[in-house]
Amino acid sequence: MTDCIFCRIAEGEISARVILETESVLAFHDLNPAAPHHALVIPRRHIATLDEAEPDDRSLLGDMMLAGAEVARQLGFAKKGYRTVLNCNHNGGQSVYHIHLHVLGGRNLSWPPG
Ligand code: 5GP
Ligand code: ZN
């Protein structure tokens, strides 16, 4: 059994409020939302960080982006706008070491982020 929390969510061993699933990725609501809408998109296959992604992961990373856009449409905030974020390693603020795309919407998001 893996101790990676997002692998366990992908395997259905830990529950999550799932928004959409495809063969390659899974999207679910963040447990601790930072905006009115806050979803996470993860690949089913474990990749720890963006820094560890390889050329062979190209289509999987594309699947994550497209699933993020689909989540925004399904939840109804695509036209108003949203932000996708992928935190990498310590200085990027990454806390779960299974790559994930944040999809944030439902309010004006300031720039630059803190
Ligand atoms: P990071 O800081 O690594 O970029 O983002 C990790 C995100 O995962 C955080 O926004 C955090 O709230 C979320 N998170 C951590 N554990 C869980 C969990 O067990 N379930 C869900 N749905 N979200 C989680
Ligand atoms: Zn994992």
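Anything mentioned here points back to the structure above.
Residues numbered from 1 in each chain as written. Chains lettered and ligands numbered in written order. Predicted model: local features only at pLDDT ≥ 70, side-chain atom pairs only at ≥ 80, totals over all residues. Heavy atoms only, no water.

Colleague: Explain the overall build of the protein chain to me, please; I cannot follow it from the model alone.
Modeller: Tallying secondary structure elements over the protein chain gives 3 helices and 5 strands in all. Secondary structure elements in the protein chain, listed N-terminal to C-terminal, are α-β-β-β-α-β-α-β. Here the C-alpha radius of gyration of the protein chain, 14 Å, is about what a compact globule of 114 residues would show, namely 13 Å. Overall, the C-alpha framework of the protein chain stretches about 40 × 30 × 25 Å when taken along its three principal axes. Residue burial in the protein chain is summarised as follows: out of 114 residues, 38% are buried. Considering only intrachain contacts with a sequence separation of at least 6, the fraction spanning at least 24 residues in the protein chain is 54%. Element-wise, carbon and sulfur atoms account for 50% of the exposed surface of the protein chain, whose accessible area totals about 7,100 Å². Side-chain charges of the protein chain comprise 10 positive and 13 negative groups, with the mean position of each set lying 13 Å from the other. (Helix = DSSP H or I, 4+ residues; strand = E, 2+ residues; numbered from the N terminus. Rg over C-alpha atoms; globule rule 2.2 N^0.38 Å. Buried < 20%, exposed > 50% of the residue type's maximum accessible area, 1.4 Å probe, protein only. Contact = heavy atoms within 4.5 Å. Areas by Shrake-Rupley, 256 points an atom, 1.4 Å probe, with all protein chains shown as cover. Lys, Arg positive; Asp, Glu negative; His and termini not counted. Charge placed at Lys NZ, Arg CZ, Asp CG, Glu CD.)

Colleague: I tried to follow the environment of Pro33 on my own but got confused; where do I start?
Modeller: Considering the arrangement of structural elements, one finds Pro33 in the loop between strand S2 (25-29) and strand S3 (37-43). For the pair formed by Pro33 and Ala10, sequence separation is 23 residues and the distance between their alpha carbons is 19 Å.

Colleague: Explanation requested: the coordination of the zinc ion (ligand 2) in the structure shown.
Modeller: Each donor-metal-donor angle would ideally measure 109.5 degrees in four-coordinate tetrahedral geometry, or 90 or 180 degrees in six-coordinate octahedral geometry. Coordination of the zinc ion (ligand 2) by the protein involves Cys4 (SG), Cys7 (SG), His46 (ND1) and His98 (ND1), with metal-donor separations of 2.0 to 2.3 Å. For the zinc ion (ligand 2), the 4 donor atoms in the first shell make angles of 106 to 118° at the metal, so the coordination geometry reads as tetrahedral. Donor residues for the zinc ion (ligand 2), ordered by position in the chain, follow C-x2-C-x38-H-x51-H. Linking Cys7 in helix H1 (residues 5-10) with His46 in the loop between S3 and helix H2 (58-75), this pair joins segments that are 39 residues apart in sequence. (Donors = N, O, S within 2.8 Å, 3.2 Å for Na, K, Ca; no water. Tetrahedral: all angles 85-135°; square planar, octahedral: opposite > 155°, others 65-115°.)

Colleague: Looking at this model, I keep getting lost on the packing of aromatic side chains. Mind explaining?
Modeller: With the rule as written, the count across this model stands at 2 aromatic pairs. With centroids separated by 5.6 Å and ring planes inclined at 75°, the aromatic side chains of Phe6 and Phe28 adopt a geometry described as edge-to-face. With Phe6 in helix H1 and Phe28 in strand S2, this pair connects stretches of sequence that are 22 residues apart. Among the residues examined, Phe6 registers a relative accessible area of 8% and is labelled buried. On the basis of relative accessibility, which here comes to 3%, the residue Phe28 falls in the buried class. Ring geometry for Phe77 versus Tyr82: centroids 5.8 Å apart, planes at 80°, classification edge-to-face. (Phe/Tyr/Trp six-rings, centres within 6.5 Å; stacked < 30°, edge-to-face > 60°.)

Colleague: I tried to follow the pairing of strand S5 (residues 101-105) on my own but got confused; where do I start?
Modeller: Walk down a regular strand and you will see the side chains alternate between the two sheet faces. Extensive coverage of S5 is indicated by the burial of 5 of its 5 residues. The side-chain alternation of S5 yields two buried faces, one formed by Leu101, Val103 and Gly105 and the other by His102 and Leu104. Pairing of S3 with S5, which is carried by 5 bridges, proceeds in the antiparallel orientation. Its bridge partner lying in S5, Ala39 is registered against Val103. Where strand S4 (residues 82-85) lies against S5, 4 bridges are found, and the strand directions are antiparallel. Bridging from a neighbouring strand, Thr84 pairs with Val103 of S5. (Pairing = 2+ DSSP bridges.)

Colleague: Sorry, what's going on with the site of ligand 1 here?
Modeller: Not every one of the 17 residues close to ligand 1 is listed here, only the nearest: Asp30, Asn87, Ser95, His100 and His102. One nitrogen or oxygen atom from the main chain of Leu31 is found 3.2 Å from a nitrogen atom belonging to ligand 1. Between ligand 1 and the protein, one listed contact pairs an oxygen atom with a side-chain N or O atom of Asn87 at 2.8 Å. Summarising the interface, the protein chains cover 83% of the accessible area of ligand 1, which totals 520 Å² for the free molecule. Those elements that provide at least two residues to the shell around ligand 1 are H1, S2 and S3. (Near = heavy atom within 4 Å. Polar contact = N/O pair within 3.5 Å; in protein donor to acceptor, adjacent residues only side chain to side chain.)

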